Amino acid sequence: MKFTDLFIRRPILAIVVNLVILIAGLQSIRSLSVRQYPRSDIAVVTVTTAYVGANADLVRGFITTPLERVIASADGIDYIESSSAQSVSTITIHLKLNFDTNAALTQVQAKVAQVRNQLPPEAEAPVIELATADNQFASIYLGFSSDVLDQNQITDYLTRVVQPKLSSVAGVQRADILGARTFAMRIWLKPEKMAAMGISPSQVRDALARNNYLSALGPATSPTSCSARRTTSRT
């Protein structure tokens, strides 16, 4: 006699055992965590510094090298990649597997702040961004066009209205504007006339900076009118 013969002679017992197995399976679906791959967090921290007008050698010597030297002493770093191009320095920091991203970002910010005063005064402040390895590519692309607005105006609208709203959505890590057309002023200098008048490019830049200002909107009041009455006396 086989063990399975018991369930053939007693079908009720077979039904009860099947129901027990079914109920146990339904309960396990709610309690067990089933994943195809284990959870792994691989984050990348990018430090971008703009140094307008400097060539790649100057950027590497005055921007990339000092920042890379201090950043390398932070904890949780697997390896560092850096590139120096015309007017821009990019340092990519690859963190160790499952390392605390908030702690690593805080340390990188602290290290960059240590040498901020040693960088050239003309260089802009380093921009530090954190991204996970599984979010290197965009999840969705949105296109914007208008028959009334110019490309500069579309970019201004996206920067002021659309980008902040997309960045505030839960689950969105970052919203970038690709192909932006920002408002800018291009100035072509004439070296001969500048040399004759003794004007350097830095003086032109300072003059433009002095005349470039932002004025906030404020209340407007009507001027008060004062009337004076002249009296004469006759004797």
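**Q** Help me understand the overall build of the protein, please; the structure alone is not making it clear to me.
**A** The helix and strand inventory of the protein stands at seven helices and four strands. A total of 235 residues make up the protein; the buried ones form 18% of that total. Restricting the contact set of the protein to residue pairs at least 6 apart, pairs at least 24 apart contribute 62%. Taken as a whole, the protein presents about 19,200 Å² of accessible surface, with 56% of it coming from carbon and sulfur.

**Q** What is the right way to read unusual backbone geometry from this model?
**A** In most cases, non-glycine residues show a negative phi, while peptide bonds are predominantly trans. Positive phi, close to 70°, is recorded for S87, a residue that is not glycine. Here S87 shows up in the loop between strand 2 (77–85) and strand 3 (88–95). A relative accessible area of 19% places S87 in the buried class. Even without being glycine, N98 reaches a positive phi, approximately 60°. Looking at where N98 falls in the secondary structure, it is placed in the loop between strand 3 and helix 4 (101–114). Residue N98 is classed as partly exposed on the basis of its relative accessible area, which comes to 45%.

**Q** Where do I start with the side chain of T64 in this structure?
**A** For T64, the location among the structural elements is in helix 3 (residues 56–71). Contacts of T64, omitting those with residues within four sequence positions, involve V59, S82, S83, S84, S89 and I91.

**Q** When you look at helix 3 in this model, what are you seeing that I'm missing?
**A** It helps to recall that an α-helix has 3.6 residues per turn; residues three or four apart then point in one direction. At T64, helix 3 shows its largest kink, close to 40°, and the proline P66 lies no more than four residues downstream. Taken residue by residue, helix 3 has V59, I63, T64, P66, L67, V70 and I71 as its buried positions. In this structure, the buried side of helix 3 is in contact with strand 1 (43–50), strand 2, strand 3 and helix 4.

Reading the values: the criteria
Residues numbered from 1 in each chain as written. Predicted model: local features only at pLDDT ≥ 70, side-chain atom pairs only at ≥ 80, totals over all residues. Heavy atoms only, no water. Helix = DSSP H or I, 4+ residues; strand = E, 2+ residues; numbered from the N terminus. Buried < 20%, exposed > 50% of the residue type's maximum accessible area, 1.4 Å probe, protein only. Contact = heavy atoms within 4.5 Å. Areas by Shrake-Rupley, 256 points an atom, 1.4 Å probe, with all protein chains shown as cover. Bend = angle between axes of the 7 residues up to and from the residue.

These figures come from the coordinates and say nothing about function on their own.
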